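Listed below, chain by chain, are the residues.
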Amino acid sequence: MAILRRKDKTPLGIYIHVPFCRSKCQYCDFYSLTTKDDRLLDGYLDAVCAHIKEAGALAPDYLVDTVYFGGGTPSFFGPDGLATILSAVRRSFDVSGSAEITFEANPDSVTPKLLRRLHSEGFNRVSLGVQCDDDAILDKIGRPHNYEQAVAAVKRIRKAGFRNLSLDLIYGLPNQTRESWEKTLRNVLSLEPEHMSCYGLKVEEGTPMARYQEFMNLPDDDAQADMYLSAVEILRAKGYRQYEISNFARRGMESKHNLKYWLGGEYLGFGPAASSDFAGKRFTTVRDLRGYIDGILNGGTVIEELQEVPPRERAGEYLMTRLRTNVGIQAEEYEKQYLLPFGPLEEALEKCRQRGHAVKLDNGFWRLTPEGFLLSNSIISDLLLLQDAAEPLAKRR
């Protein structure tokens, strides 16, 4: 039996959901718990490592080139647990020596001990949740840190040897104006990160903020749009390339893991509420920590919403995710992969181009402009309607 060489293996991303936080932010709808119950922490660690071992046996033909620890707050979980999970990934999967290995962190839980340990274990990228430089706003949205702690965390991250740092910001926060947002951007850019994520605040149902948002003086949609466009200009002037709606990076420092989601790569998720797209199937794990632990350790079911994705739905995903990026979509690629006509889509995109919402590159790819990104939901919805009405190319022949 021939041994599959590394260069013949399919790239794979690994996502680890660490569902623990010091406190819950007012706007957060991700699955997480505010607990220090050792039984739950230990049970989670045992379960996620067992889950990784079980899945690794099913993926001998894959080469892991990204590992991402998200949450929750992975740094709150501590260095020993994160190192143990990464070791389980390495034992169970073929992990590239040049893999991008990221952990998310909050400034209040970034300690020199944590950073030294994780850097020595092979973690090479940090995603730090700064969100804002205004302490009054940070307190109002339930963040467990102030801006001074964020600045100190960046210094510690650099001192520990990390050379790939992403900083997260949110615009559209309570009492925020375009002027204060631009001041935040300039302050945070002085920390010289390699990558920036700038997300518009979206108040999700079921979050604490949703119950009293009308009293929070939130900027309206037009104000958020102005903040977004100003961020694009400021970041461009500072040498950051917008490669996705909310993400900007210095050349070559784009998030390789997140690009897997947007460009249709395969990934496996571990931990409660983690999603996967693997071997033609899409599935998630149960959104319940105790249920996840019990299912993994006692032979129960932890997978839900398992489905094999039909080709036409994959074609829709191609439109939805690729048009979030500066890569875009192309007629030849689309028709070859999905056997659907690109002509009707191109006509619609040409109208977008005339309005300044799309551009066609020399290589034939269409992508949205920053102004088009603001209208991406509407544009993509129109394209999906055209796609749904199209007959497959094979039938037309």
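Definitions and cut-offs
- Residues numbered from 1 in each chain as written.
- Predicted model: local features only at pLDDT ≥ 70, side-chain atom pairs only at ≥ 80, totals over all residues.
- Heavy atoms only, no water.
- Helix = DSSP H or I, 4+ residues; strand = E, 2+ residues; numbered from the N terminus.
- Axes fitted to C-alpha atoms, helices over the stretch in contact; angles between N-to-C directions.
- Parallel < 35°, antiparallel > 145°, perpendicular 65-115°, else oblique.
- Left-handed = near helix turned anticlockwise from the far one by under 90°.
- Contact = heavy atoms within 4.5 Å.
- Phe/Tyr/Trp six-rings, centres within 6.5 Å; stacked < 30°, edge-to-face > 60°.
- Buried < 20%, exposed > 50% of the residue type's maximum accessible area, 1.4 Å probe, protein only.
- Nonpolar A, V, L, I, M, F, W, Y, C, P; charged D, E, K, R; others polar.
- Expected span 1.5 Å × (residues − 1).
- Arc of directions from axis to C-beta.
- Patch = residues over 30% accessible without salt bridge, like charges linked within 9 Å, V, L, I, M, F, W, Y side chains within 5 Å.
- Areas by Shrake-Rupley, 256 points an atom, 1.4 Å probe, with all protein chains shown as cover.
- Salt bridge = Lys/Arg side-chain N within 4 Å of Asp/Glu carboxyl O.
- Lys, Arg positive; Asp, Glu negative; His and termini not counted.
- Charge placed at Lys NZ, Arg CZ, Asp CG, Glu CD.
- Polar contact = N/O pair within 3.5 Å; in protein donor to acceptor, adjacent residues only side chain to side chain.

Novice: I'd like a rundown of the environment of Lys53, residues and numbers included.
Specialist: Here Lys53 is to be found in helix α1 (residues 38-56). Considered as a pair, Lys53 and Leu191 are 138 residues apart in the sequence and their alpha carbons are 39 Å apart.

Novice: How would you explain the packing of helix α7 (residues 178-189) against helix α9 (residues 221-237) if you had to name every residue and give the values?
Specialist: Closest axis-to-axis distance for the α7/α9 pair is 10 Å, and the angle between their directions is 30°. In this view, α7 runs roughly parallel relative to α9, as classed from their interaxial angle. Taken as a pair, α7 and α9 cross one another with a handedness that is right-handed. Residues Arg178, Trp181, Glu182, Leu185, Arg186 and Leu189 of α7 form the contact with α9, whose participating residues are Asp226, Met227, Ser230, Ala231, Ile234 and Leu235.

Novice: Hey, could you go over the packing of aromatic side chains for me, with residue numbers and the actual values?
Specialist: Per the stated rule, a full pass over the model turns up 16 aromatic pairs. Ring centres of Tyr171 and Trp181 lie 5.3 Å apart, and the angle between their planes is 50°; on these two criteria the pair is classed as tilted. On the criterion of sequence distance, the pair formed by Tyr171 in strand β5 (residues 165-171) and Trp181 in helix α7 is long-range, its members being ten residues apart. Each member of the pair, Tyr171 as well as Trp181, is classed as buried. When the ring of Tyr261 is compared with that of Tyr267, the centres are 4.4 Å apart and the planes differ by 85°; the resulting orientation is edge-to-face. Since its relative accessible area comes to 26%, Tyr261 is described here as partly exposed. Taken together, Phe69, Phe103, Phe123 and Phe162 form an aromatic cluster joined through their ring pairs.

Novice: Describe the environment of Ser230, listing the residues and the values that go with them.
Specialist: Topologically, Ser230 is positioned in helix α9. On the accessibility criterion, Ser230 (4% relative accessible area) is buried. Along the sequence, Ser230 and His119 sit 111 residues apart, while their C-alpha atoms lie 35 Å from each other. Residues in contact with Ser230, not counting those within four places in the same chain, are Arg178, Trp181 and Glu182.

Novice: Describe in detail the packing of helix α3 (residues 79-92) against helix α4 (residues 112-121), supporting the description with residues and values.
Specialist: Two numbers describe how α3 lies on α4: the axes approach to 9 Å, and their chain directions differ by 10°. Classified by the interaxial angle, the pair formed by α3 and α4 is roughly parallel. Contact residues: α3 offers Pro79, Asp80, Leu82, Ala83, Leu86, Ser87 and Arg90, while α4 offers Leu114, Arg117, Leu118 and Glu121. Looking at the contact of α3 with α4 residue by residue, the classes come out as six nonpolar, one polar and four charged.

Novice: Summarise helix α14 (residues 343-354); cite the residues concerned and give the values.
Specialist: Taking 1.5 Å as the rise per residue, α14 with twelve residues should run 16 Å; its terminal C-alpha atoms sit 17 Å apart, in good agreement. Of the residues making up α14, those classed as buried are Leu345, Ala348, Leu349 and Cys352. All buried residues of α14 lie within an arc of 100° about the axis, which places them on one face of the element. Turned more than 90 degrees away from the buried face of α14, the exposed residues are Glu347, Lys351 and Gln354. Looking at the buried residues of α14, the elements they touch are α12 (311-322), β13 (329-330), α13 (331-338), β14 (358-360), β15 (365-368) and α16 (376-389).

Novice: Any details on a negative patch on the surface? Residues and values, ideally.
Specialist: Together, Asp134, Asp135, Asp139 and Glu148 line one region of the surface with negative charge. The residue Asp135 is located in helix α5 (residues 135-140) in this model.

Novice: Let's hear about the side chain of Arg322: which residues, and what values?
Specialist: On the secondary structure map, Arg322 appears in helix α12. On the accessibility criterion, Arg322 (9% relative accessible area) is buried. A polar contact of 3.2 Å, which involves the side chain of Arg322, links it to the backbone oxygen of Gly328. At 2.9 Å, the side chain of Arg322 forms a polar contact with the side chain of Glu333.

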